[in-house]
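# Topology and contacts: notes
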Amino acid sequence: MNDEKHISVIIPNYNGASTIGKCLESVFSSGYKNFEIIVVDDCSGDNSVDIIREYPCRLVHIDRHSGASKARNTGVQNSRGEILFFVDADCLLQRDTLALAGKVFSEDKNIIIGGTYTKIPYDDGFFSTFQSIFINYFETKHRDTPDYIATHAMIIDKQIFRDNGGFKEGFFLPILEDVEFSHRLRRAGYRLIINPEILVQHIFNFSLLRSLINGARKSMYWTIYSLKNRDLLADSGTASIELKINVLSYFFILLFVLLYLLSGISLFLITIPFILGMNLYLNKRLIKAFYETKGLFFTFFAIPYYTMVYPLGIGAGAFAGILNYLWIFKIQRGLK
């Protein structure tokens, strides 16, 4: 008898022509046999639907672009499995990903299980690899008590998903619906865990500009959400306390350089190495992850990028998030 539990792999697709074929190939290459794939197309304008039709999966259409939450909820409504595995259209499952998910799930179905990115992404350029190591490290830092489970690898019992209303459709932010859902589940008494062996390989295709824009965009939405939830300083996955210290250190260094230029007082310059040294010490485990994954040469470039360039995107996004929060939740309400 086959005692493998039936897993429904839910994939939202929106203009994913460049990646959805690779994603589906990876799922069908799985060593796990008892699964189905439901791809929900969110009214794509490219040829991704033609690519999806080449694979023996269930394709569900949404008539108007409605966002990832609607697509994932629609996928669940059309699923037959008792286990739901959410993954993104630009992620590739490893051969053992579903088997590991099924094994961990069978031990306790009342937990919500998260996986993470492989340290090496599909496109192994500097900026993509930097991002993949960065996410892998911070998402697995608190394995038994994560703040959220990301939908690039989320495993959950279908009945628990339904009992808790699924992903919030019409969520006021275009991303972070998985964070809101995770917080709602935790308040309901469910346990979240990260299993670092459950891996998907992400396709980033990051350049310097795309890396900074991605950081700014996510930082903006994280800031809005965190201000609303009053947990801005929380150690929350990729919105980690180390990253926040890194950004603050960067802007303190800029401030002290400016104060030195304005005043000529050398004490401001003398303070900078201490700030930088403390920042590197507090981020030593991330630096170690860079070194263990890609060696000394990569780390030599990753440290200055993380400490002296990446904070520009994160800081700009945080500033935009504060302005958006004030407009959405303060000014607009005051005008009503």
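Refer to the structure above for everything that follows.
Residues numbered from 1 in each chain as written. Predicted model: local features only at pLDDT ≥ 70, side-chain atom pairs only at ≥ 80, totals over all residues. Heavy atoms only, no water.

### Thoughts on the sheet that holds strand β2 (residues 35-41)
Basically, it comes down to this: DSSP bridges decide pairing: two strands pair if at least two such bridges lie between them. What counts as a helix is a DSSP run of H or I of at least four residues, what counts as a strand is a run of E of at least two, and both are numbered from the N terminus. Lines fitted to the C-alpha atoms define the axes, with helices restricted to the stretch that makes contact. Angles between their N-to-C directions range from 0 to 180 degrees. Pairs of residues are marked as contacts when any of their non-hydrogen atoms sit within 4.5 Å.
The strand order across the open sheet formed by eight strands is β3-β2-β1-β4-β7-β6-β8-β5, and the pairing between neighbours is mixed. Only two strands of the sheet have a single partner each, and these edge strands are β3 (58-61) and β5 (91-93). Adjacent strand axes in the sheet meet at a mean angle of 30 degrees, parallel and antiparallel pairs treated alike. As judged from the four bridges shared by strand β1 (residues 7-13) and strand β4 (residues 83-86), these two strands associate in the parallel manner. Looking across to β4, one finds that S8 is bridged to L84. Its contacts with the sheet place helix α3 (residues 68-77) against β1, β2, β3 and β4, and it is angled at close to 150 degrees to β1.

### Thoughts on the pairing of strand β8 (residues 191-202)
Where β5 lies against β8, three bridges are found, and the strand directions are antiparallel. Looking at the pairing, L93 lines up with V200 of β8. Alignment of strand β6 (residues 111-117) against β8, held across six bridges, turns out to be parallel. Paired with I112 across the bridge in β8 is L192.

### Considering empty space enclosed by the protein
Operational definition: The method works on a 1 Å grid over the protein atoms by themselves. A cavity is a set of points holding a 1.4 Å probe that cannot get out, a pocket is an open set with protein on both sides within 12 Å along at least five of seven lines, and residues with an atom within 4 Å of a point line them. Grid points are joined across faces, edges and corners, and a volume is the space filled by probe spheres set on the points. Here the term charged refers only to Asp, Glu, Lys and Arg, the term nonpolar to Ala, Val, Leu, Ile, Met, Phe, Trp, Tyr, Cys and Pro, and the term polar to all other amino acids, Gly among them.
Summed over all chains, the structure comprises two cavities of 30 Å³ or more. In this model, the largest cavity occupies a volume close to 90 Å³. F138, E139, K141, H142, T145, P146, D147, Y148, A150, I194, D235 and G237 together form the lining of the largest cavity. Tallied by class, residues from the lining of the largest cavity come to five nonpolar, three polar and four charged. Of the volumes computed, that of the second largest cavity is approximately 30 Å³. Contributing to the lining of the second largest cavity are D147, W222, S226, D231, A234, S236, A239 and K244. For the lining of the second largest cavity, the residue count by class is three nonpolar, two polar and three charged.

### Quick look at the pattern of salt bridges
Where charged atoms of side chains with opposite charge meet at close range, the side chains can pair. What counts, and what does not: When a carboxyl oxygen of Asp or Glu lies within 4 Å of a side-chain nitrogen of Lys or Arg, that pair is called a salt bridge. The cut-offs for exposure are 20% and 50% of the maximum accessible area for each residue type, with area from a 1.4 Å probe on protein chains only; residues under the lower value are buried, those over the upper are exposed, and the others partly exposed.
Throughout the structure, instances matching the rule amount to 14 salt bridges. Here K5 ties to E82 by a salt bridge, and the two come within 3.9 Å at their closest N and O atoms. Taken together, the positions of K5 in the segment before β1 and E82 in the loop between α3 and β4 put the pair 77 residues apart, joining distant regions of the chain. By relative accessible area, which is 28% here, K5 ends up partly exposed. Between R72 and D88 there is a salt bridge, and its shortest N-O distance comes to 3.0 Å. Remark: D88 occurs in the loop between β4 and β5 and R72 occurs in helix α3; sequence separation between them is 16 residues. Among the charged side chains, a salt-bridge network with shared partners connects E36, R58 and R80.

### Details of a nonpolar patch on the surface
Stated precisely, the cut-off is as follows: Patch members must show over 30% relative accessible area and no salt bridge, and they are joined within 9 Å when carrying like charges or within 5 Å when they are nonpolar side chains of Val, Leu, Ile, Met, Phe, Trp or Tyr. What sets the accessible areas is the Shrake-Rupley method with a 1.4 Å probe; for residues, cover comes only from the shown protein chains.
Among the surface-exposed residues, I265, L267, I270 and F274 lie close enough to one another that they form a single nonpolar patch of about 450 Å² accessible area. In this fold, F274 is placed in helix α10 (residues 267-282).

### Describing the side chain of T19
One can find T19 in the loop between β1 and α1 (20-28). For T19, a relative accessible area of 9% corresponds to the buried category. Setting aside anything within four residues of it in sequence, one finds T19 in contact with A89, D90 and I203.

### Describing unusual backbone geometry
With a phi angle near 80 degrees, L176 is a residue other than glycine that sits in the positive phi range. Relative to the assigned elements, L176 resides in the loop between α6 (158-163) and α7 (177-187). Classification of L176 by relative accessible area gives buried; the value is 7%. Here N205, not a glycine, exhibits a phi torsion of approximately 55 degrees, which is positive. Here N205 is to be found in the loop between β8 and α8 (208-229). N205 sits in the partly exposed class, given a relative accessible area of 46%.

### Overview of helix α5 (residues 126-139)
Under the convention used in this document: A helix is expected to span 1.5 Å for every residue after the first.
The end-to-end C-alpha distance of α5, which contains 14 residues, comes to 20 Å, matching closely the 20 Å that a straight helix rising 1.5 Å per residue would cover. Judged by how many residues are buried, α5 sits mostly within the fold: 12 of 14 residues are covered. Along α5, the positions that sit buried rather than exposed are S128, T129, F130, Q131, S132, I133, F134, I135, N136, Y137, F138 and E139.

### A look at the packing of aromatic side chains
Here is the rule: Two rings from Phe, Tyr or Trp (for Trp, the six-membered ring) form a pair when their centres are within 6.5 Å of each other. A pair whose planes differ by under 30 degrees is stacked, one over 60 is edge-to-face, and the rest are tilted. Remark: a charge is flagged as sitting over a ring if the NZ atom of Lys or the CZ atom of Arg is within 6 Å of the ring centre and within 35 degrees of the ring normal.
Scanning the model with the defined rule gives 31 aromatic pairs in all. With a centroid separation of 6.2 Å and an interplanar angle of 5 degrees, the aromatic rings of F28 and Y55 are classed as stacked. With a gap of 27 residues between them, F28 in helix α1 and Y55 in the loop between α2 (48-52) and β3 connect regions that are remote in the sequence. Both rings, one in F126 and one in F298, keep their centres 5.1 Å apart while their planes meet at 45 degrees; by these two values the pair is tilted. Of the two residues, F126 is situated in helix α5 and F298 in helix α11 (residues 284-335); the sequence distance between them amounts to 172 residues. A relative accessible area of 25% means that F126 is categorised as partly exposed. An aromatic cluster is built from F126, F127, F130, F134, Y137, F138, F290, F298, Y305, Y306 and Y310, whose rings are joined through pairwise contacts. Taking NZ or CZ as reference, R72 lies 5.7 Å from the ring centre of F167, over its face. Directly above the aromatic system of Y281 lies the positively charged group of K284, at a separation of 4.1 Å from the ring centroid.

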